[in-house]
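Observations on chain architecture
Each chain, letter by letter, is given below.
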Amino acid sequence: MGEQKNFESIYEVENLTVEYVLRNLSVKAVNDVSIKIRKGEALGIVGESGSGKTTLALSLLNLVPSPGRITSGRIIFDGEIDVLSLNGEDLRTFRWKQVAMVFQGALNSFNPVLRIGDQMLETMKEHGVTNKEEGVERASVLLKLVRLDPERTMKAFPHELSGGMKQRAMIAMSLLLNPRVLILDEPTTALDVISQKYILDVLSDLRRKLGITMILLTHDLAICAELADRIAVTYAGKIVEIAKTEDLFLRPKHPYSTGLIQATPSVLGDVKSLKPIPGSPPDMFSLPTGCAFNPRCPLAADLCRKSVPRLEEVSEDRFIACHRWREVE
Amino acid sequence: MKTDYLVEAINLTVRFKAGLSSLFGKSVSFSAVDSCSFGVRNGEVVSLVGESGCGKTTLGKTMIGLIKPTHGTVLYEGRDIWRMKGKEYSLFRRNAQIIHQDPYASLHPVKRVYDIVSSGIRYHKLLPSENEIRAKIVELLNLVGLTPPEYFMNKYAHQLSGGQRQRVAIARAISLNPKFIVADEIVTMIDVSLRIGILNLLLDLRKRLNASFLFITHDFGVARYFAEEGRTAVMYLGSIIEVGKTDELIHDPLHPYTKALLSAVPVPDPTLSKKRKMIELRKIDPPNPINPPPGCKFSDRCPFLMEGKCDKQTPGLVEAKPEHFVSCYLFES
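Criteria and thresholds
- In every chain, residue numbers begin from 1 and rise along the written sequence.
- Written order determines the labels here, with chains lettered from A and ligands numbered from 1.
- Note on the predicted model: pLDDT of at least 70 is required for a residue's local features to be given, and 80 or more for side-chain atom pairs to be given and counted; whole-chain, interface and lining totals, by contrast, use all residues.
- Side-chain descriptors were evaluated using all non-hydrogen atoms of the structure, hydrogens and water having been removed beforehand.
- Each helix is a run of H or I in the DSSP string that is no shorter than four residues. Each strand is a run of E no shorter than two, and both are numbered from the N terminus.
- Put simply, the radius of gyration uses C-alpha atoms, and a globule should come to 2.2 Å times the residue count raised to 0.38.
- Contacts were defined at the residue level, with two residues in contact if any of their heavy atoms lie within 4.5 Å.
- In these tables, accessible area is a Shrake-Rupley quantity obtained with a 1.4 Å probe, and a residue counts as shielded only by the protein chains included in the view.
- By the counting rule applied here, Lys and Arg register as positive and Asp and Glu as negative, while His and the ends of each chain are not counted.
- Charged groups are reduced to one reference atom each: NZ for lysine, CZ for arginine, CG for aspartic acid, CD for glutamic acid.
- Strand pairing requires that DSSP identify at least two bridges connecting the strands.
- Between the N-to-C directions of two axes lies an angle of 0 to 180 degrees, each axis being a line fitted to C-alpha atoms and, for a helix, fitted only over the stretch in contact.
- pLDDT expresses how confident the predictor is about each individual residue, on a scale running from 0 to 100.
- Note on definitions: salt bridges are taken to be side-chain nitrogens of Lys or Arg within 4 Å of carboxyl oxygens of Asp or Glu.
- A simple way to read buried area is as the amount of 1.4 Å-probe accessible surface that goes missing from two parts once joined, with both sides added.
- We call two N or O atoms a polar contact when they sit within 3.5 Å, provided that within protein one can donate a hydrogen and the other can accept it, with sequence-adjacent residues counted only if both atoms are side-chain atoms.
- The classification used treats Ala, Val, Leu, Ile, Met, Phe, Trp, Tyr, Cys and Pro as nonpolar, Asp, Glu, Lys and Arg as charged, and all other residues, Gly among them, as polar.
- In this analysis, rings of Phe, Tyr and Trp, with Trp reduced to its six-membered ring, are considered paired at centre separations within 6.5 Å, and the interplanar angle assigns stacked below 30 degrees, edge-to-face beyond 60, and tilted for intermediate values.
- In this description, a nonpolar core means a group of buried Ala, Val, Leu, Ile, Met, Phe, Trp, Tyr and Cys residues linked to one another through side-chain atoms lying within 4.5 Å.
- The rule is simple: take the accessible area with a 1.4 Å probe, protein chains only, and divide by the maximum for that residue type; under 20% is buried, over 50% is exposed, in between is partly exposed.

1. Digging into the overall build of chain A
In terms of helices and strands, chain A carries 11 helices and 12 strands. Radius of gyration (C-alpha) of chain A: 21 Å, near the 20 Å computed for a compact globule of 329 residues. Contacts in chain A between residues far apart in sequence, at least 24 positions, make up 66% of those at least 6 positions apart. For chain A, the exposed surface amounts to about 14,800 Å²; the carbon and sulfur share of it is 48%. For chain A, the distance from the average position of its 41 positive side-chain charges to the average position of its 42 negative side-chain charges is 2 Å.

2. Comments concerning the sheet that holds strand β5 (residues 81-82) of chain A
Residues and elements named next belong to chain A. As summarised here, the arrangement of the 4 strands in space is β2-β1-β4-β5, forming an open sheet in which the pairing is antiparallel. Both outer strands of the open sheet, β2 (25-38) and β5, are each paired with one neighbouring strand and no more. Bridge count between strand β4 (residues 68-77) and β5: 2 bridges; the pairing is antiparallel. Across the sheet, isoleucine 76 pairs through a bridge with aspartate 82, a residue of β5. Here helix α1 (residues 53-60) sits on the sheet and contacts β1 (9-22), β2 and β4; the angle it forms with β1, its principal contact strand, is near 120°.

3. Focus: the confidence of the model for chain B
When pLDDT is averaged along chain B, the result is 92, and 98% of the positions lie at 70 or above. The ipTM value of the predicted complex is 0.86, and its pTM value is 0.90.

4. Remarks on the pattern of salt bridges
Residue and element names in this part refer to chain B. This model, assessed by the stated rule, comprises 37 salt bridges over all chains. Notably, a salt bridge pairs lysine 56 with glutamate 185, separated by 3.6 Å at the nearest N-O pair. Highlighted residues: lysine 56 in helix α1 (residues 56-63) and glutamate 185 in the loop between β7 (180-184) and α7 (192-209), separated in sequence by 129 residues. Each of Asp4, Arg41, Glu44, Arg231 and Glu323 takes part in salt bridges that share partners, so that together they form one network.

5. Let's talk about the pairing of β1 of chain A
All names here are of chain A. Two strands pair when backbone bridges link them, and β1 and β2 are joined in this way by 10 bridges, in the antiparallel orientation. Within β2, the residue paired with leucine 16 across the bridge is valine 33. Examined bridge by bridge, β1 and β4 share 8 bridges and lie antiparallel to one another. When the sheet's bridge partners are listed, threonine 17 is paired in β4 with serine 72.

6. Re the side chain of serine 327 of chain B
Take serine 327 of chain B: it is sitting in the segment after β12 (324-326). Not counting chain neighbours up to four residues away, the residues in contact with serine 327 of chain B comprise Ile240, Ile241, His255, Pro315, Gly316 and Leu317 of chain B.

7. Structural notes on the interface of chain A and chain B
In this assembly, 43 residues from chain A lie in contact with 39 residues from chain B. Contact between chain A and chain B buries roughly 3,700 Å² in total, counting both sides, with carbon and sulfur atoms accounting for 64%. The largest contributions to the chain A side of the interface with chain B come from Ile194, Val267 and Val271 of chain A, which together make up 21% of the buried area. Linking chain A with chain B are 1 salt bridge, by the criterion used here. Summed over the shared surface of chain A and chain B, the number is 12 residue pairs in polar contact (both at pLDDT 80 or more). By residue class, the composition of the side of chain A that touches chain B is 20 nonpolar, 13 polar and 10 charged.

8. Overview of the packing of aromatic side chains
All names here are of chain A. The tally for this structure, following the rule as stated, stands at 13 aromatic pairs over all chains. Ring centres of tyrosine 256 and phenylalanine 293 lie 5.3 Å apart, and the angle between their planes is 70°; on these two criteria the pair is classed as edge-to-face. Taken as a pair, tyrosine 256 in helix α10 (residues 255-262) and phenylalanine 293 in the loop between α10 and α11 (302-306) lie far apart in primary sequence, 37 residues in all. Among the aromatic side chains, those forming a connected cluster through ring pairs are Tyr11, Phe77 and Phe94.

9. Let's talk about the nonpolar core
Counting 67 residues, the largest nonpolar core has Ile171, Leu182 and Ile194 of chain A together with Phe220 of chain B as its most contacted members. The leading source of residues in this core is helix α7 (residues 193-210) of chain A, at 8 residues. When sequence neighbours within four positions are dropped, the list of residues in contact with leucine 182 of chain A reads Ala100, Val102, Ile171, Ser174, Leu175, Ile212, Thr213, Met214 and Ile215 of chain A.

10. Some remarks on the sheet that holds strand β4 (residues 71-76) of chain B
Residue and element names in this part refer to chain B. Taken in spatial order, the 4 strands make up an open sheet running β2-β1-β4-β5, and their pairing is antiparallel. Each edge of the open sheet carries a strand with a single partner, namely β2 (27-41) and β5 (79-80). Where strand β1 (residues 5-20) lies against β2, 10 bridges are found, and the strand directions are antiparallel. The residue of β2 that forms the bridge with alanine 9 is phenylalanine 38.

The structure is reproduced here in structure tokens:
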């Protein structure tokens, strides 16, 4: 594929495997995953619950909780930092200054008895911004950026803010140390539809103004359609397809991506008849041999039951892990 | 009383206590459902859409008699359900069923699927012998796609996946051949890839049973899919603010809240979604339901606020177009 655009990667993940060991059982929540995340892009990682997207994101911060263990692979940040070998103070700085994460349900992770402003100032103080005026100034700028009234918000206790306001305050807080990457795990799941749309608007605003790289984890394809430049689809601990957002929706190539798109209802366009993906989600404790999707796949052949397909670049900007992608209509 | 509705809510209000105003203060109450009038016709499918906390579950539960309204009446086949006694009430209970949101909580944890699904049949003594009950359970499990039924009937709920549990809950709900089924957010907790399977199953059963459905959901896309041929009602802070044929309501919404909500729903199509703009509201966040604004409850956020009117008196639900009702002063004749 001679002519390849050279994108600068902010993250290079190579053959990452993360296992959770429970007594004598082990589950590979992330199974031999490789992906290059580009500087300045908004990458959507889509998958159902248990597909490993949160574990993948936690690995990017070297934050996999016990009993999880990163058993193989490398993660290189910005071409030079080996994330998995960071520890102590280096890791602590890396986590706020280079990469920040807004966790799922983060709107409840404020300290309930401290004012929002104090929590923001404390975070900055811990990371070296000791001048209070400078801190207040920085917090105000960011709160304005997420469309909150800085003065009112900084004086407020968390319970005085609505869910959508708390989530926006949390996004402002995650940006305090000017990280280059922002990871958002299901950032709108607990919110009503109008607040959700508002947050998505705020996030695309932030991208335009700050040029920050965003990694968005969600189970909802429609949310990726709103925000992401590229989408990675995960299934049973693996990335099965990576494509530009338009390409994925208009011409999905992996049978699982195709199935997901055909199973998502919409308020626009004709009411097409939707089809479920047959079978049940995979049992991570006993995955089938070969491709993990093969028991549910309409195209599964003998080869699919025997060998695990590798994620390969089949055309520019399109990676697929499927033996039979050419058959997908 | 004559009515063309199978189930009808007339001026229904349900008030709940919401704790104390302060440590030693008076208890505060608020209307989860506020003067709702609304009905479901024979064989009809109605989607009830609204954000969490708008009272849609409370309205659904009140319409099948699980919650007693503070004011107002629920009529089933023209009869007030809270005045029914003995056999008549028992028949109503048989005919009105609910499928709950959370299949992890709605199934008895130490009973087998066989006992869970047969409990209604036993209670109402519909079938005389164990053999007939067993045959009925086999039929029901086949119908909801839990095959082979012999395999599933001896399972406990915890041995099943979320999608399978919801199918058990559906089998239980249809075991008594109900005429009216309330389905409350039944796919919210189900994996995305399985949701459509559950919805298609229910749509298929609806044709077989000819039952009426009240389909409660926060997801406009799902509401549209389920009630494509029926009606959709939109609820906001305890009130029904718009009802109409699903297709018309989605393509030509009248109430500013419905418009805003539809413009904010993410659509799984990047060519459309990146172009769409949300209708700008004067306030993004909904007010506290305990203390809603006076007049129209949407008045504090509405971009079309007419001061001195909308914030003074609540608009009634008027028929702005044939079969299309809206509660907004913009559509007063």
